[in-house]
Amino acid sequence: MLNRRSRLTRRQFGALAGAAGASLAMPGMAFAAGGPDSAAVIKGKKSGLIIHNAKLGVMETPLADLRRHAITPKEVLFSRLHFPHEGKAVWYGTLDAPPADIVNNWNLRVDGLVQRPRDVKIADLQKMPQEKRVSVMQCAGNGRSFYAAKQKVAGGQWKNGGMGNVEWEGVPLRPFLDGLKLLPSKAAVWLTAEGWDEPATPEGSDFAKSYRLDDPALDHAILALKMNGEPIPAVHGGPVRLIIPGYYGNMNVKMVTYLLLAAEQSPSAMQSVGYRIPNQLPADPAQFKANDYTLQNSVPTYGHKIKSVIFSPLPEDKPKAGSVEITGVAFNDGSSKITKVEVSTDGGKTWKEATIKGGLSPWAWQHWSLTTTLASGTHELMSRATDAKGNSQPVDGLTRWNPRGYEWNGADRVSVTV
Ligand SMILES: Nc1nc2c(c(=O)[nH]1)N[C@H]1C(S)=C(S)[C@@H](COP(=O)(O)O)O[C@H]1N2
Ligand SMILES: [Mo]
């Protein structure tokens with residue numbers, strides 16, 4: 001049902017996009033020795049981002065670029081898409097705003113166990129009251145490469161740059177749904193959001209994610225029309241993206257064409273097999289394989305697990321002996337304050353408390369800093385955050401090993417030579 005209903009919109013959009021764009025493999029596209037440069041993969045991206053999959057436009061931000069901005073600009077923000085867009089229009093191969101004809105023809109269908117299904121246009125959304133949310137956007141696979149110390153996990157080998165601090169603006173979700181007067185049945189307990197993009201083969205699964213309608217995180221959710229003050233480029237979810245502040249990237253469905261109120265969560269593999277965390281951690285690599293996930297033995301990657309990342313010094317900064325300021329960011333799902341960040345300069349033997357400088361919202365990353373003295377030699381810097389609920393990062397992130405390598409939140413480690 002999901003597929004059939006949204007196909008119309010998709011076909012319509014495909015035709016429009018085809019007229020508006022060129023193919024992704026643009027003539028003159030630069031292929032460097034190690035593969036194409038980020039600026040050639042997605043037009044407008046800064047050169048030198050770390051490519052994980054050129055065909056899908058998957059790339060991460062080097063920390064040296066990430067730390068320069070309070071709000072992560074679109075030019076450096078990591079990107080992740082699941083379906084190849086070869087042969088389709090270039091509309092998500094660029095950071096330009098989606099063209100007017102695409103925006104004008106966009107249809108958001110709200111349907112399911114409701115008496116009055118609705119079709120909503122972008123112009124309708126634009127007329128509704130808008131709110132801003134600054135929130136960390138982070139792929140659940142961010143940090144996946146660090147699990148390799150136990151056993152390498154398939155998928156993009158993300159370091160720490162699969163995240164950004166982004167300002168979104170749009171229509172608050174709950175008032176939006178109430179305002180539509182859908183007259184939902186009491187049996188509707190799940191909300192599913194589906195994106196416009198589609199798998200390469202018809203057997204593939206659409207990008208659909210489900211949330212319990214009573215999830216308090218939805219109280220802050222918006223249907224975003226703007227990212228960092230501008231219309232959202234399609235590659236980042238324009239013309240309309242569901243933003244659930246504090247939730248992992250995959251929960252923030254881009255290019256939303258369909259909202260379904262239902263008794264069950266989506267059977268889409270993106271909800272029922274992918275992006276899940278086993279109930280028992282660490283999982284045993286010999287016992288639990290990447291396709292063994294069921295609704296019973298695992299949970300979706302909803303809210304960000306508490307995490308901190310060291311932004312400075314990075315190994316390439318080559319700090320001089322003496323007084324050194326160690327800085328970084330920390331965040332969680334936004335439901336409680338980050339109360340403590342501890343820093344070690346000796347690989348975790350001793351810890352000192354950093355000063356928390358705060359952030360732009362509860363869901364944004366919080367800056368912290370510690371000035372200390374470093375002698376000549378190599379130092380293993382570490383950081384570890386704790387929140388008001390008592391959640392903190394495992395010193396050894398491998399204790400949360402899981403077959404798909406999600407939710408890495410081990411204490412961060414940077415080895416610097418002074
Ligand atoms: N429609 C759609 N939404 C999507 C995806 C996708 O492939 N299609 N990828 C998800 C994943 S896994 C992540 S990490 C984020 C990435 O957001 P970004 O590319 O804007 O950084 O988008 C999410 N929303
Ligand atoms: Mo992701």
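Everything numeric here is computed off the predicted structure, so don't read it as measured data.

Asks: Lay out the site of ligand 1 with the relevant residues and their values.
Replies: Neighbouring residues of ligand 1: 18 residues in total, closest His82, Asp197, His236, Arg241 and Lys254. In this structure, an oxygen atom belonging to ligand 1 sits 2.7 Å away from a side-chain N or O atom of His82. A distance of 3.1 Å separates a nitrogen atom of ligand 1 from a polar atom in the backbone of Asn252. Among the residues making up the shell around ligand 1, the classes are represented as seven nonpolar, seven polar and four charged.

Asks: Tell me about unusual backbone geometry, residues and numbers included.
Replies: Residue Gly238 is joined to Pro239 through a cis peptide bond whose omega torsion reads 5°. Position of Pro239 relative to the elements: it lies in the loop between strand 12 (230–231) and strand 13 (241–243). Cis geometry is found at the peptide bond from Leu281 to Pro282, where omega equals -5°. Within the chain, Lys318 stands out as a residue other than glycine whose phi angle is a positive 45°. By the secondary structure assignment, Lys318 is in the loop between strand 17 (307–312) and strand 18 (322–331). Overall, Lys318 belongs to the exposed group, its relative accessible area being 63%. Of note in this structure, Glu407 is not a glycine but carries a positive phi near 55°. The residue Glu407 is located in the loop between strand 23 (378–387) and strand 24 (412–417) in this model. The class for Glu407 is buried, based on a relative accessible area of 1%.

Asks: Can you tell me about the sheet that holds strand 22 (residues 366–374), naming the residues and giving the values?
Replies: Sheet strands pair by backbone hydrogen bonding; their relative direction is either parallel or antiparallel. Taken in spatial order, the four strands make up an open sheet running 17-18-22-21, and their pairing is antiparallel. The open sheet is flanked by strand 17 and strand 21 (355–358), the only strands paired with a single partner. Going from strand to strand, the sheet's axes swing by 30° on average, the running direction of each strand aside. When strand 18 meets strand 22, the two strands line up antiparallel, connected through nine bridges. Along strand 22, the bridge assignment pairs Ala330 with Gln366.

Asks: Which residues make up the domain arrangement of the protein, and what values go with them?
Replies: By a widespread convention, an interface's size corresponds to the accessible area lost as its parts come together. For the protein, the assigned domains are domain 1 (10–272) and domain 2 (307–417). The gap between the C-alpha centroids of domain 1 and domain 2 is 28 Å. Taken together, the contacts link 33 residues of domain 1 with 28 residues of domain 2. Buried surface at the junction of domain 1 and domain 2, summed over both partners, amounts to about 2600 Å²; 65% is from carbon and sulfur atoms.

Cut-offs used in this document
Residues numbered from 1 in each chain as written. Chains lettered and ligands numbered in written order. Predicted model: local features only at pLDDT ≥ 70, side-chain atom pairs only at ≥ 80, totals over all residues. Heavy atoms only, no water. Near = heavy atom within 4 Å. Polar contact = N/O pair within 3.5 Å; in protein donor to acceptor, adjacent residues only side chain to side chain. Nonpolar A, V, L, I, M, F, W, Y, C, P; charged D, E, K, R; others polar. Helix = DSSP H or I, 4+ residues; strand = E, 2+ residues; numbered from the N terminus. Buried < 20%, exposed > 50% of the residue type's maximum accessible area, 1.4 Å probe, protein only. Pairing = 2+ DSSP bridges. Axes fitted to C-alpha atoms, helices over the stretch in contact; angles between N-to-C directions. Domains from an automatic or database assignment. Contact = heavy atoms within 4.5 Å. Buried area = accessible area lost by both parts, 1.4 Å probe.

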